[in-house]
Amino acid sequence: MGDGANVDLVGHVDAVAAPGGLVGLGRLTESIMAMEGRRTSIINELRRGRVASWDEIGKACGMTRQGATRRWSRQAHAGSFGAAAEAYRRGRPGYPQSAVEFAVPRRARRVLDLGAGTGKFTELLVAAGLDVVAVEPSEEMRAQLAAAVPGVAVRAGSAESIPLPDDGVDAVVVAQAWHWVDTALAVPEVARVLRPGGTLSLVWNVRDHAEPWVALLDNVLHQHTRQEIDTEPVLPSPFEQVERTEIRWRHTLSRAELLDMVASRSYVIVLPEQDRTQLLGEVGELLDSHPDLKGRDALSMPYITRCTRALRA
Ligand SMILES: C[S@@+](CC[C@H](N)C(=O)[O-])C[C@H]1O[C@@H](n2cnc3c(N)ncnc32)[C@H](O)[C@@H]1O
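Within each chain, residue numbers correspond to sequence positions counted from 1 in written order. Thresholds applied to this predicted model are a pLDDT of at least 70 for local features of residues and 80 or more for the giving and counting of side-chain atom pairs; totals over whole chains, interfaces and linings are not thresholded and use all residues. With hydrogens and water stripped out, all remaining heavy atoms of the structure feed into the side-chain values.

- The protein chain is annotated in an unreviewed UniProt entry as Methyltransferase from Winogradskya consettensis.

**Some thoughts on the pattern of salt bridges**
So, step 1. For this analysis, a salt bridge means a side-chain nitrogen from Lys or Arg found within 4 Å of a carboxyl oxygen belonging to Asp or Glu. By the definition in use, this model includes 16 salt bridges.
So, step 2. We note a salt bridge from Arg248 to Glu246, for which the minimum N-O separation is 3.9 Å.
So, step 3. Summary of the burial criterion: residues with accessible area below 20% of their type's maximum are buried, those above 50% are exposed, and those between are partly exposed, where the area comes from a 1.4 Å probe applied to protein chains only. With a relative accessible area of 56%, Arg248 lands in the exposed category.
So, step 4. Because the salt bridges share partners, they merge into one network encompassing Asp208, Glu246, Arg248 and Arg306.

**Considering the pairing of strand 3 (residues 153–156)**
So, step 1. By the bridge criterion, 4 bridges tie strand 2 (residues 131–136) to strand 3 in an arrangement that is parallel. Bridged to Glu136 within strand 3 is Ala156.
So, step 2. Remark: the strand 2/helix 8 (residues 139–148)/strand 3 crossover connection has right-handed handedness. At least two bridges found by DSSP between two strands are what make those strands a pair. Starting at the N terminus, helices and strands are each numbered in turn, a helix being any DSSP run of H or I of at least four residues and a strand any DSSP run of E of at least two. Crossovers are marked right-handed if the path from the first strand over the helix to the second runs clockwise, as seen with the strands pointing away from the viewer.

**What to know about the site of the ligand**
So, step 1. Taken together, 21 residues sit near the ligand, with Tyr88, Tyr95, Gly115, Glu136 and Ala175 positioned nearest.
So, step 2. A distance of 2.8 Å separates a nitrogen atom of the ligand from a polar atom in the backbone of Gly115.
So, step 3. Contacts to the ligand include Glu136, whose side-chain N or O atom sits 2.7 Å from an oxygen atom.
So, step 4. Computed by Shrake-Rupley with a 1.4 Å probe, the accessible areas treat only the displayed protein chains as cover when residues are assessed. Its free accessible area being 600 Å², the ligand has 96% of it covered by the protein chains.
So, step 5. Structurally, the ligand is housed in the largest pocket.
So, step 6. A class-by-class count of the residues in the shell around the ligand yields 12 nonpolar, 5 polar and 4 charged. Nearness here has a simple test: a residue counts as near a molecule or strand if at least one of its heavy atoms is within 4 Å of that partner. Counted as a polar contact is a pair of N or O atoms within 3.5 Å, where, for protein atoms, one must be capable of donating a hydrogen and the other of accepting one, and residues adjacent in sequence contribute only when both atoms are in side chains. Any residue with an atom within 4 Å of a point lines the site, the site being either a cavity, points on a 1 Å grid over the protein atoms alone where a 1.4 Å probe fits but cannot get out, or a pocket, an open set with protein on both sides within 12 Å along at least 5 of 7 lines. Molecules are considered to sit inside a cavity or pocket once more than half of their atoms lie within 2 Å of its grid points. Amino acid classes used here: Ala, Val, Leu, Ile, Met, Phe, Trp, Tyr, Cys and Pro are nonpolar; Asp, Glu, Lys and Arg are charged; the rest, including Gly, are polar.

**Topic: the sheet that holds strand 1 (residues 110–114)**
So, step 1. Here we have 7 strands laid out as an open sheet, ordered 3-2-1-4-5-7-6, and mixed in their pairing. The sheet is open, and its two borders are formed by strand 3 and strand 6 (239–253), each paired with just one other strand. For this sheet, the mean inter-axis angle between neighbouring strands, taken without regard to orientation, is 20 degrees.
So, step 2. Here helix 8 sits on the sheet in contact with strand 2 and strand 3, set at roughly 175 degrees to strand 3.
So, step 3. Any pair of residues with heavy atoms lying within 4.5 Å of one another is described as a contacting pair. For every element, the axis is a line fit to its C-alpha atoms; helices are fit only across the contacting stretch, and the angle between N-to-C directions ranges from 0 to 180 degrees. Of the strands in this sheet, strand 5 (194–207) and strand 7 (299–312) are in contact with helix 10 (residues 212–221), which crosses strand 7 at around 75 degrees.

**Here's the deal with the packing of helix 11 (residues 255–263) against helix 13 (residues 273–289)**
Relative orientation and spacing of two packed helices are given, respectively, by the angle between their axes and the distance between those axes.
So, step 1. Relative to each other, helix 11 and helix 13 sit at 145 degrees, their axes nearing to 11 Å. Taken as a pair, helix 11 and helix 13 cross one another with a handedness that is right-handed. From helix 11, Arg255, Leu258, Leu259, Val262 and Ala263 reach across to helix 13, where they touch Leu279, Leu280, Val283, Gly284, Leu287 and Asp288.
So, step 2. Here the contact of helix 11 with helix 13 is built from residues that sort into 8 nonpolar, 1 polar and 2 charged. The hand of a helix crossing depends on one turn: near helix anticlockwise from the far one by less than a right angle means left-handed, and clockwise means right-handed.

**Looking at the UniProt feature "domain: Methyltransferase type" (unreviewed entry) in the protein chain**
So, step 1. UniProt positions are given in the numbering used here, feature names are shortened, and annotations may be inferred rather than shown by experiment. Under the feature "domain: Methyltransferase type" (unreviewed entry), the UniProt entry names residues 112–201.
So, step 2. With 30% helix and 31% strand, residues 112–201 has its two end C-alpha atoms placed 10 Å apart.

Printed below as a string of structure tokens:
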């Protein structure tokens, strides 16, 4: 950066912090957060278009490649869903009814679906007659959700910054999304919006590899990258009385829907075009050649839904 730009920047920072004291500190903090947000969106754009390597991004941010990936690669994956929102809506499974019954206590009325995506869990909460608010960071996912679950309250936000008042909901459900959040910020933020005694539930659908063709499919999917997800996470204070359950069920889907399920995985969305095409081709070959799959109109995918619930002290 040239000297002139440096002088401008220092002048800008001085102007923002001008009142000094707590007011200046608050204004400076807001400004830093806005800049952080912009930095993250530039990094996401660079990674989506494969325009810069993590090495180059690290250098531009004054840190090492490892530092940059540690800090932003999860965010880049977490922010990738919008690019495949339609495939997500078509290809991803819903959840079994018993997962809703485990996740939401009978006495609950007002429920927050956090990281609601295209509304796969939201629609079950609405069908159960609950007063639901869905919070989701991706604009494209929110658009799919609003179309799929008409009339539900949908808000832009994240687990780290929930646009709801204190003690406002009886239950919070996070389906297939807790692994994307920064738990140091999300735990106190969820506790803030939950009334004391309210329930936080974390839910994941996991493909059941006991079925041989599912194990083969996962070998194909994981040859490029594998995301290890802790589906039995520890929930710190103020959450207590943690309980867990597993539900086995099957999701029926067509060949095209299975390909959409693959295309909507975050690690597939962020692959370079050539690798993504190759991977989808290999999945197509498996579908055409495996004796349990070839020629079938309807495929039956076995899932295990893992649920964790805890009470807010
Ligand atoms: C795998 S999808 C799950 C969507 C939906 N809950 C479902 O079960 O189909 C993960 C969602 O988490 C959202 N997400 C990513 N980071 C998040 C964060 N920090 N807070 C809340 N949601 C986040 C993504 O935009 C995406 O819609």
